[in-house]
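# Structural features, examined
Here is what each chain is made of, one letter per residue.
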Amino acid sequence: MFISKSKTSFSSLIGILLCLVGGGHALFWFLGVIMTLTGEIDSLDNDVTTAVISLFISLVGAFAVYIGIRKIRFVSKAKMLDNIFRGDMDGEIPLSRIALLMGMPDDDFFRLFHKLISKGYIINASLNNEGGNFRIVLNGGTSQNIQYVVVKCADCGADITVRKGFVGKCNFCGSDVKG
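Quick look at the structure, then.

Parameters and conventions
- Residues numbered from 1 in each chain as written.
- Predicted model: local features only at pLDDT ≥ 70, side-chain atom pairs only at ≥ 80, totals over all residues.
- Heavy atoms only, no water.
- Helix = DSSP H or I, 4+ residues; strand = E, 2+ residues; numbered from the N terminus.
- Buried < 20%, exposed > 50% of the residue type's maximum accessible area, 1.4 Å probe, protein only.
- Contact = heavy atoms within 4.5 Å.
- Core = buried A, V, L, I, M, F, W, Y, C linked by side-chain atoms within 4.5 Å.
- Patch = residues over 30% accessible without salt bridge, like charges linked within 9 Å, V, L, I, M, F, W, Y side chains within 5 Å.
- Areas by Shrake-Rupley, 256 points an atom, 1.4 Å probe, with all protein chains shown as cover.
- Salt bridge = Lys/Arg side-chain N within 4 Å of Asp/Glu carboxyl O.
- Expected span 1.5 Å × (residues − 1).
- Arc of directions from axis to C-beta.

## Remarks on the overall build of the protein chain
Across its full length, the protein chain carries four helices and seven strands. By the burial criterion, 33% of the 179 residues in the protein chain qualify as buried. Nonlocal contacts in the protein chain, meaning residues at least 24 apart in sequence, comprise 53% of its contacts between residues at least 6 apart.

## Side note on the nonpolar core
Core analysis: the largest hydrophobic core is formed by 23 residues, its most contacted members being Leu-81, Phe-85, Ile-98 and Phe-109. Looking at this core, the elements with two or more residues in it are helix H2 (47-86), helix H3 (95-102), helix H4 (106-118) and strand S3 (133-138). For this core, the leading source of residues is H2, giving five residues. If you look at the next biggest cluster of nonpolar residues, it comprises seven residues, including Cys-153, Ala-158, Cys-170 and Val-177.

## Description of a nonpolar patch on the surface
Residues Leu-27, Phe-30, Leu-31, Ile-34, Met-35, Leu-55 and Leu-59 make up a contiguous nonpolar surface patch of about 610 Å² in total accessible area. Of all the elements in the fold, those that place two or more residues in the nonpolar patch are helix H1 (5-38) and H2. It is H1 that contributes the most residues to the nonpolar patch, five residues altogether. Turning to its location among the elements, Phe-30 is positioned in helix H1.

## What to know about the pattern of salt bridges
Pairing between side chains of opposite charge can happen when their charged atoms approach one another. Scanning the model with the defined rule gives five salt bridges in all. Among the ionic pairs, Glu-92 bridges to Arg-135, the shortest N-O distance being 2.4 Å. Taken together, the residues span a long stretch of sequence, with Glu-92 in strand S1 (residues 92-94) and Arg-135 in strand S3 at a distance of 43 residues. Considered together, Glu-92 and Arg-135 belong to a single accessibility category, that of buried residues. Notably, a salt bridge pairs Arg-111 with Asp-108, separated by 2.4 Å at the nearest N-O pair.

## Section: H1
Each α-helix winds once per 3.6 residues, and so residues spaced three or four apart point in a common direction. The end-to-end C-alpha distance of H1 is 49 Å, a good match for the 50 Å that 34 residues give at a rise of 1.5 Å each. Positive phi shows up at Gly-39, right after H1, with a value of about 90 degrees.

## Considerations on unusual backbone geometry
For Asn-124, which is not glycine, the phi dihedral falls at a positive 60 degrees. In this fold, Asn-124 is placed in the loop between H4 and strand S2 (125-130).

## Some remarks on H4
In this model, H4 (13 residues) spans 18 Å end to end at C-alpha, consistent with the 18 Å of a helix rising 1.5 Å per residue. Those residues of H4 not exposed but buried are Phe-109, Leu-112, Phe-113 and Leu-116. End-on, the buried residues of H4 take up no more than an arc of 100 degrees, which puts them together on one face. Exposed residues on H4 whose side chains face more than 90 degrees from its buried face are Asp-107 and Ser-118. Phi turns positive, to about 85 degrees, at Gly-120, one or two residues after H4.

Everything listed is a geometric property; what it means functionally is a separate question.
So, in structure tokens, the structure goes:
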């Protein structure tokens, strides 16, 4: 397993809550702006001043939505990486290959990977640099002395080769298979 389920689940929950609460907050105050400018709400002060204050407060809600979406995207990227890592057979993946699979330039993926590691979303993986060749090393080790076991998928009964001590995906039904 290369993803912290507790960290990603909590972050997803917070992201969804920020989107819902921030979106409702922004919508409420933005409607206040519209109603003030159209004269539906009589304000004690200048209508423009009230509208500007309401607009500023609605931007706070919009910012909460932005943070929520960002959290959800980080979790989504972490889940994509987890699937890529589980399909690896030798414990090392060139950074450029993962960046290509993720559909992003190498530099952008490098920054993303560091953020996912520092936030605790990705575990049991590290970045290794040998002579300018960046590689992701899984389980903090190297590709030497990695052992594989053949296990039967509990769902479909297929024989699956999985790294010992890791959880992989069944090639036939997609179920998790523990090695």
